[in-house]
There are 2 protein chains.
Amino acid sequence: MKRIYQFGEGNKDMKELLGGKGANLQEMFNLGVEVPAFFTITTEACKEYYSAKDKDALIRKVMEEAEPYLKQVEEKMGKSFGSKDKPLLVSVRSGAAVSMPGMMNTILNIGLCDSNLKSFAKSFSGERFALDGYRRLLQMFGDTVFDAKEVEQGFKDAMEEVKAKLGKDVKDTDLGIKELKELVERFKQVYKDNGLSEVLKECFENNDSREASINQLRHAIDAVFKSSQGHRALVYKKQEGLPADMGTAVNVQAMVFGNTGDDSATGVLFTRNNATGEKGDGKRILYGDWLLNAQGEDVVAGIRNTMPIEELGKAMPEIYAELRKTVFMLEKHYKDMQDIEFTVEEGKLWMLQTRMGKRSSLAKLVCAVDMVKEGLIDEREAVRRFGPEDMEVLMHPVFDPKSEKKQLSSGSAAGPGEVSGLVAFTPEKAVELGKQGKDVILVRPETSPEDVHGMLASKGIYTRTGGLTSHAAIVGKQFNKAVIVGDSSLQIDEKKGLAMIGGKEFKEGQDYISISGTTGKVFEGRVASIESEIERVAKGELDPLKSKVYSYFQDMMGYAKAIKKLGVRANADTGSDSRIARLFGAEGIGLLRTEHTMFNEPEQIMAMREMILAADTNSREKALMAIEPLQMKNFVEVFKAMSGLPVTIRLLDPPLDEFLPNTSERIREAAEYICRKYGGEKAEVESQIRRRLSDLKEANPMMGFRGNRLSVVYPEIARMQARSIFEAMYKAKLAGAEPVAEIMAPVTICEGEIRHTGEIVEKVRKEMEKKFGKLPILFGTMIETPRAALDAGKIAQSVDFFSFGTNDLTQLTDGMDRNSAGVYLNEYVGRGWLGGEPFVTIDKTGPGKLVEMAVDEGKKTNPKLKLGVCGEHGADPESIYFFEKAGMDYVSCGAFKVPIAILAAAHIELKD
Amino acid sequence: MKRIYQFGEGNKDMKELLGGKGANLQEMFNLGVEVPAFFTITTEACKEYYSAKDKDALIRKVMEEAEPYLKQVEEKMGKSFGSKDKPLLVSVRSGAAVSMPGMMNTILNIGLCDSNLKSFAKSFSGERFALDGYRRLLQMFGDTVFDAKEVEQGFKDAMEEVKAKLGKDVKDTDLGIKELKELVERFKQVYKDNGLSEVLKECFENNDSREASINQLRHAIDAVFKSSQGHRALVYKKQEGLPADMGTAVNVQAMVFGNTGDDSATGVLFTRNNATGEKGDGKRILYGDWLLNAQGEDVVAGIRNTMPIEELGKAMPEIYAELRKTVFMLEKHYKDMQDIEFTVEEGKLWMLQTRMGKRSSLAKLVCAVDMVKEGLIDEREAVRRFGPEDMEVLMHPVFDPKSEKKQLSSGSAAGPGEVSGLVAFTPEKAVELGKQGKDVILVRPETSPEDVHGMLASKGIYTRTGGLTSHAAIVGKQFNKAVIVGDSSLQIDEKKGLAMIGGKEFKEGQDYISISGTTGKVFEGRVASIESEIERVAKGELDPLKSKVYSYFQDMMGYAKAIKKLGVRANADTGSDSRIARLFGAEGIGLLRTEHTMFNEPEQIMAMREMILAADTNSREKALMAIEPLQMKNFVEVFKAMSGLPVTIRLLDPPLDEFLPNTSERIREAAEYICRKYGGEKAEVESQIRRRLSDLKEANPMMGFRGNRLSVVYPEIARMQARSIFEAMYKAKLAGAEPVAEIMAPVTICEGEIRHTGEIVEKVRKEMEKKFGKLPILFGTMIETPRAALDAGKIAQSVDFFSFGTNDLTQLTDGMDRNSAGVYLNEYVGRGWLGGEPFVTIDKTGPGKLVEMAVDEGKKTNPKLKLGVCGEHGADPESIYFFEKAGMDYVSCGAFKVPIAILAAAHIELKD
């Protein structure tokens with residue numbers, strides 16, 4: 001068995017045997033990069049060690065075998081290990097096949113001992129340098145080899161005591177020769193006090209520095225092997241699902257120093273900008289910092305003021321040229337942005353490490369797209385490097401990472417984005433402040449449809465109650481607002497215009513807060529945010545042609561669309577929503593809620609109220625006539641915006657009482673409107689409204705008189721809606737658009753009712769075709785009640801498509817109103833009883849099972865059945881994966897979630 | 001092929017061939033009973049007729065074959081068919097294998113014609129008799145043979161015109177010889193006018209009366225065959241699922257007459273009392289009526305005053321003795337009460353018909369039990385003869401059938417029973433009137449838990465809104481009140497103390513109405529009712545030992561229990577409920593709602609309110625301490641009442657806000673109570689209550705913070721309930737009872753929460769066992785959310801039993817609140833979209849499928865799993881059948897429904 005590999009004997013694909021670090025060193029060496037010479041003891045040798053009875057004998061055998069390899073390192077570095085004259089020092093580092101951050105054991109400066117310390121100082125960099133190196137060796141060696149708290153504490157105490165003599169706030173670097181000498185002595189005392197002197201006896205007492213050094217090396221290797229089976233390592237392995245007997249390789253590498261004089265230096269760099277993804281242009285071709293005559297850790301620690309990397313070009317032009325050549329070669333070789341450490345020792349450049357550079361979401365996007373264009377990677381790889389979670393970040397403003405923040409409180413992160421604004425406690429106040437050009441955060445106990453204008457006028461919404469799918473969360477998210485819900489510590493006194501947040505008072509219209517809908521945290525005052533270019537393009541505030549980010553985004557969407565199989569549509573209710581959706585890559589509208597424009601336009605809501613109050617079919621139809629052209633106008637806008645793509649229009653869904661006025665004032669307003677229009681006694685109309693309100697009042701409206709049930713009792717409503725859709729199709733065609741309509745009925749439980757509603761639509765279609773020519777549509781149903789899922793085989797025979805309303809399906813399957821579930825649902829989710837948050841990720845045991853059953857049964861009786869999902873789950877990557885596996889043709893989600901869904905759908909294909 | 005069967009050639013088992021009537025005649029003949037001689041043309045011959053091309057030829061062939069049989073009849077009767085001297089007349093009647101009521105074609109008096117009419121009159125019973133017989137023949141013959149509206153109308157017009165000459169209100173019997181003669185002539189004219197004279201040409205013109213009679217017979221047989229394939233018959237067959245080519249047999253039977261003089265008579269009788277089921281004792285041994293010198297139809301028509309059957313004993317002692325012997329022989333032979341027709345013709349007794357006697361539900365019970373005791377039938381047969389629907393009738397008062405009723409309106413029949421009372425519009429008024437000893441009907445828009453005292457004080461409940469499972473229906477039924485719900489025409493003006501019912505005004509406390517919760521009809525004024533003895537026994541108003549009906553009921557329950565396999569338990573909340581349940585045969589309590597006593601006892605509800613208002617766990621536990629002994633006391637009563645039988649106790653189910661006061665006045669009361677008990681500012685406590693109310697308020701409470709969810713957030717509630725149960729077990733044991741407890745948690749969706757609640761109960765059990773010794777229980781869960789059904793395999797691992805709450809399961813599966821569903825559900829049910837009323841009979845496609853899935857999955861992971869159903873479906877026979885097939889161990893239903901469920905369960909075994 002070959003237990004040891006010399007530099008040049010391996011490559012990057014030998015991670016299993018040589019560990020990640022060892023394989024990477026091999027690869028750099030093979031590429032001709034100057035790395036300090038090294039050899040690697042294999043993971044196989046480590047496993048052998050685990051099972052060996054006489055571990056000491058095995059280590060001695062390894063040391064025997066290591067001798068020729070050590071010789072090669074000495075030759076290569078031109079130094080001699082353990083010699084008194086200019087001795088070679090080595091590091092010993094563990095390195096498993098799988099990276100185990102924080103588990104790595106490192107011992108530097110092996111090869112220093114009492115007997116060669118002086119000559120080392122003389123031959124290299126002076127006494128202070130040598131003493132500092134020696135005390136580090138003693139400390140690291142002690143910590144690793146003995147792995148005992150007493151030892152560790154002993155070193156720390158000694159350090160503190162020595163520092164304390166110099167005064168307060170003394171840093172390691174403040175220690176002079178005198179102090180370091182004392183420290184070395186004290187460290188030796190720690191060894192003695194713990195009865196461990198024997199181990200480094202050679203080092204402290206033997207005058208043969210070679211023998212002493214070999215001894216150090218042997219103990220170090222032994223310690224690394226041992227520590228990879230220690231308590232901490234085993235816990236980590238178990239936690240990460242790694243095999244307990246996974247061995248580690250041990251790298252023994254020559255030390256180089258960047259602090260030996262003015263011909264030495266050290267630095268770190270990225271091959272591209274890790275914040276923006278930019279590639280170096282003429283001026284700035286590398287991104288990093290360096291220091292003259294310094295150690296690597298000095299650059300990172302921020303103790304000394306570093307210099308930008310290009311300054312190296314002036315100080316050491318040849319070294320700099322070599323460095324540039326090397327790092328770009330490495331980037332090209334690894335096909336990714338590199339994070340590199342280097343050291344210049346006495347005028348010679350050594351590369352210490354190269355690895356994938358960590359970067360921001362924006363940098364991920366830019367790097368990936370640029371590298372495709374450079375021919376470095378293909379589109380699949382580009383998509384692989386840019387996840388749905390990165391997309392989410394790019395869609396919203398984020399706090400400037402440089403700004404200071406003082407946290408006040410926290411709630412559930414319900415709509416991403418990080419924004420600041422004056423607090424407003426009523427929608428009216430929010431609108432008022434908004435008109436004054438102020439940024440506003442709407443702070444409410446909860447929100448309802450009546451608050452929508454205030455929500456629109458605000459940058460963010462922050463509520464006391466409600467869960468992740470409450471009105472505030474759903475509607476706020478739809479409008480792409482930052483939203484925090486369910487902060488039960490929030491107290492609002494609307495009358496006094498005061499709120500208590502985190503124990504502090506905030507005055508309406510006067511005090512600022514900042515909220516992160518991404519993390520759920522609430523901060524005091526204004527925290528500066530960086531806007532999202534993509535969001536600004538979508539809102540029409542920025543010309544897409546002028547946005548570089550948007551163009552990168554477009555490229556990435558193109559790659560993702562080419563990979564994904566699942567369709568992605570948007571939930572959008574208006575022409576402007578639809579335009580945004582299309583800009584974001586939506587391949588159709590999966591859910592147009594016809595009632596939303598009714599709520600938002602005063603004229604429509606008044607006509608709806610009139611319709612509901614009507615005493616007979618005739619007056620009902622008259623009132624509907626007023627709504628028809630308004631609905632139609634909206635549909636035309638949507639058809640135009642989505643020309644050539646399918647638009648799924650849902651017939652009226654909510655219980656009628658949602659349309660009726662719900663306060664005395666609004667009842668008065670409604671009565672006035674009706675009297676103005678038709679005459680009549682105001683008092684009588686008012687009491688008529690109140691009677692109708694009490695008739696329509698339901699104890700559980702979610703399980704009430706809605707959806708298809710309305711079409712069964714009041715078929716004239718569905719007729720009106722169908723008419724307005726077909727008329728809109730005709731008008732859109734005249735305007736040159738290509739309308740593709742899919743009409744959908746909600747709240748279905750059985751085949752009879754959906755056939756009934758389908759027949760209403762079909763009859764209208766045939767009538768309208770006589771006037772307008774061909775008006776082909778698909779007709780389908782929501783599957784959002786458990787019964788519909790259970791009876792899907794029969795229902796499928798009367799429809800062209802199913803659209804799964806997984807929000808309501810979850811609520812009914814669990815008997816759980818998401819708006820009020822917060823009180824207990826947090827407990828359920830926290831204890832893992834439901835395997836996740838069921839209103840965020842589809843619950844596979846509950847509604848998920850019903851979805852699968854419905855798909856199976858539906859396809860059996862209607863193999864052409866089209867399948868989609870609307871509702872919040874359509875934007876959740878884990879749910880999207882489930883839906884694709886379940887056989888969906890598409891998912892539909894809020895316009896701002898479309899890019900996320902597209903990426904998630906593409907990642908499914910990459911995963912499989 | 002033998003097409004004709006003579007008397008004596010068949011028996012009662014030959015219905016397929018001879019039809020029901022023919023087979024029955026055969027049987028009587030075989031028993032030696034004197035029946036007028038007859039022969040039967042088979043159903044096979046009829047089928048042959050259907051497919052014959054030359055039908056006329058076939059009929060002629062049949063007539064040829066019939067000749068010897070006719071001769072036998074003539075010989076037997078000592079008369080000659082078609083002769084001029086004392087001719088034999090015959091009837092021709094259809095008679096299929098399956099009875100087709102109203103489809104039967106009958107032609108009497110065949111054998112009379114112009115040429116023998118006079119001699120018939122002379123030889124038999126005079127001219128009027130002969131003419132009346134003849135005109136009947138002509139009419140029946142014409143109607144049957146021609147089956148044409150014009151003909152039928154022609155006969156009717158002729159009759160009216162002839163009667164009109166005699167004056168107003170003339171009856172058939174008022175017609176004299178002159179009028180009958182005219183009628184015969186006019187009937188002949190009808191034949192002529194319709195071009196039909198040819199058929200009866202022989203009869204009117206031929207002097208050969210034999211030939212004419214044979215002709216009549218041939219046409220009559222032909223007509224009966226033909227009419228069994230006529231439009232009316234085919235519609236009937238299709239409707240009843242009978243094959244269209246099912247033939248009919250034709251019976252040709254000698255006529256006998258009870259109106260030939262004072263040695264003739266006719267009568268009908270039952271062998272037992274068809275209203276009470278009583279057997280004849282010394283005084284009254286037969287139940288029926290007779291008339292001297294009369295025709296059978298005169299007895300039934302009520303034209304003449306009939307005499308009680310025993311009078312026949314005085315008038316014709318020998319005949320009477322023979323009759324008694326014959327009918328009891330027939331009863332014994334058929335092993336059932338017989339409904340018999342007889343005629344005495346010139347001193348000779350003829351039996352015309354015997355069949356099973358139709359009887360009241362009470363008579364069914366009494367006859368069946370008596371016959372078991374007489375050894376006539378076995379227990380299985382007794383149960384077969386007494387259905388769940390009969391049981392239902394016996395449990396409630398019914399309107400006296402003799403009383404006159406004027407219907408006002410109608411609603412949904414929601415709780416059986418027929419009662420009268422003064423209208424009351426508030427629970428307070430109902431209680432007030434009740435205290436005055438008045439019968440009350442509580443008339444309300446709808447009812448809520450706050451109305452319970454008023455409901456208890458009333459005989460019946462009548463509401464404007466709500467469906468079959470609304471509060472009024474469920475709670476009213478539980479208290480065994482007559483209930484009508486959902487009469488949307490009902491208008492109540494509480495302030496004025498007025499209601500409009502069916503367009504009439506009713507004053508509170510002054511006007512009476514009567515309601516039938518069995519039919520849903522509402523009547524004006526007081527309609528006399530007959531009380532239910534069984535109900536009175538259950539209510540403790542009647543000593544069971546003194547009630548004969550109750551003792552019959554007990555016997556029947558005994559038979560049914562021995563047959564049935566499915567267990568039947570009761571839903572009962574208190575000791576007195578439990579005693580009733582046990583009296584009614586319940587084999588345990590399947591559902592004890594712990595919150596019901598909380599609602600009904602002021603002390604408990606106050607303590608509950610205190611608990612809910614408590615700011616922390618500590619004060620919550622203090623308030624719970626006050627509830628614990630009250631709950632315990634109730635449990636002890638129940639355990640004692642149900643000693644030895646299992647009692648399923650459900651932990652707290654409803655959302656907490658149901659316990660809080662819901663009006664300003666009640667909030668004030670609650671605040672006063674709390675201040676009295678603990679001191680404090682009333683205003684502050686009031687505002688505290690209001691705050692808590694608004695915190696707990698849910699938009700959809702049915703899908704809210706209830707059941708297990710309460711145990712998760714407030715485990716102290718479940719702990720208190722568990723403590724009180726175990727303490728009650730101990731106390732009940734001390735009192736000599738044998739408590740068997742099954743504790744059940746409601747509103748489960750996943751395994752984690754039920755394990756959590758189970759652990760709370762188990763921990764309390766172990767603690768209590770230290771004090772009290774062994775306290776074994778079963779722990780289980782309701783399955784009432786779709787998710788619980790879908791996850792049943794996992795949930796079953798943490799419980800001993802499932803109890804299906806099919807009410808909530810239906811509501812959630814359909815997303816349909818039963819309390820408000822009336823608006824549209826009627827449409828769905830009416831159009832057959834759901835295959836039935838889903839809240840009455842379990843919907844097999846929806847919740848039914850979930851029940852089956854849950855049973856399968858649950859049994860897989862826990863083969864010992866006990867399975868039950870609580871909820872209204874447990875009392876519905878069709879649902880019970882489904883539940884037994886699904887594998888349930890028991891159903892549980894309201895105490896008053898227990899006997900019905902027991903019978904339904906027994907009938908399942910009889911059916912299979």
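Thresholds, definitions, all that
- Residues numbered from 1 in each chain as written.
- Chains lettered and ligands numbered in written order.
- Predicted model: local features only at pLDDT ≥ 70, side-chain atom pairs only at ≥ 80, totals over all residues.
- Heavy atoms only, no water.
- Helix = DSSP H or I, 4+ residues; strand = E, 2+ residues; numbered from the N terminus.
- Buried < 20%, exposed > 50% of the residue type's maximum accessible area, 1.4 Å probe, protein only.
- Contact = heavy atoms within 4.5 Å.
- Areas by Shrake-Rupley, 256 points an atom, 1.4 Å probe, with all protein chains shown as cover.
- Least-squares fit on C-alpha atoms with pLDDT ≥ 70 in both.
- Expected span 1.5 Å × (residues − 1).
- Arc of directions from axis to C-beta.
- Phe/Tyr/Trp six-rings, centres within 6.5 Å; stacked < 30°, edge-to-face > 60°.
- Lys NZ or Arg CZ within 6 Å of the ring centre and 35° of its normal.
- Pairing = 2+ DSSP bridges.

Caption draft 1: Geometry of the overall build of chain A. Tallying secondary structure elements over chain A gives 37 helices and 33 strands in all. Counting only residues that meet the buried cut, chain A has 59% of its 912 residues in that class. Look at the contacts in chain A between residues 6 or more apart in sequence, and 68% of them connect residues 24 or more apart. Surface exposure of chain A reaches about 37,200 Å², of which carbon and sulfur atoms provide 49%.

Caption draft 2: Structural detail: the relation of the copies chain A and chain B. With an RMSD of 0.4 Å, the fit of chain A onto chain B corresponds to turning through 180° and sliding 0.3 Å along the axis. As the rotation angle and translation indicate, the two copies are arranged about a two-fold axis. Of all interface residues in chain A, 100% are interface residues in chain B too; the two copies therefore contact each other through one and the same surface.

Caption draft 3: Broad picture of helix α27 (residues 682–696) of chain A. Residue and element names in this part refer to chain A. For α27, with 15 residues, the first-to-last C-alpha span of 21 Å sits near the 21 Å given by 1.5 Å per residue. Those residues of α27 that sit buried are Val685, Glu686, Ile689, Arg692, Leu693 and Leu696. Down the axis of α27, the buried set is contained in an arc of 125°. They therefore lie on one face. More than 90 degrees from the buried face of α27, the exposed residues found are Ala683, Glu684, Arg691 and Ser694. Contacts made by the buried residues of α27 are with α24 (602–613) and α26 (664–678).

Caption draft 4: Local environment of the packing of aromatic side chains. By the definition in use, this model includes 41 aromatic pairs over all chains. With a centroid separation of 5.2 Å and 80° between ring planes, the pair formed by Phe584(B) and Phe896(B) is classed as edge-to-face. Pair noted here: Phe584(B) is in the loop between α22 (575–583) and β27 (589–593) and Phe896(B) is in the loop between β33 (890–894) and α37 (898–911), with a separation of 312 residues, a long-range link. Here the aromatic rings of Phe705(B) and Tyr714(B) are separated by 6.0 Å at their centres, their planes lie at 50°, and the arrangement is tilted. This pair shows no difference in class: Phe705(B) is buried, exactly as Tyr714(B) is. Lying across the ring of Tyr890(A), Arg569(A) places its NZ or CZ 3.8 Å from the centre.

Caption draft 5: Here's a closer look at the pairing of strand β24 (residues 521–524) of chain A. Residues and elements named next belong to chain A. Bridge analysis of strand β14 (residues 407–410) against β24 gives three bridges, and the strand direction is antiparallel. Looking at the pairing, Ser409 lines up with Val522 of β24. As judged from the three bridges shared by strand β23 (residues 512–516) and β24, these two strands associate in the antiparallel manner. Pairing of Ser514 across the sheet is with Phe523, part of β24.

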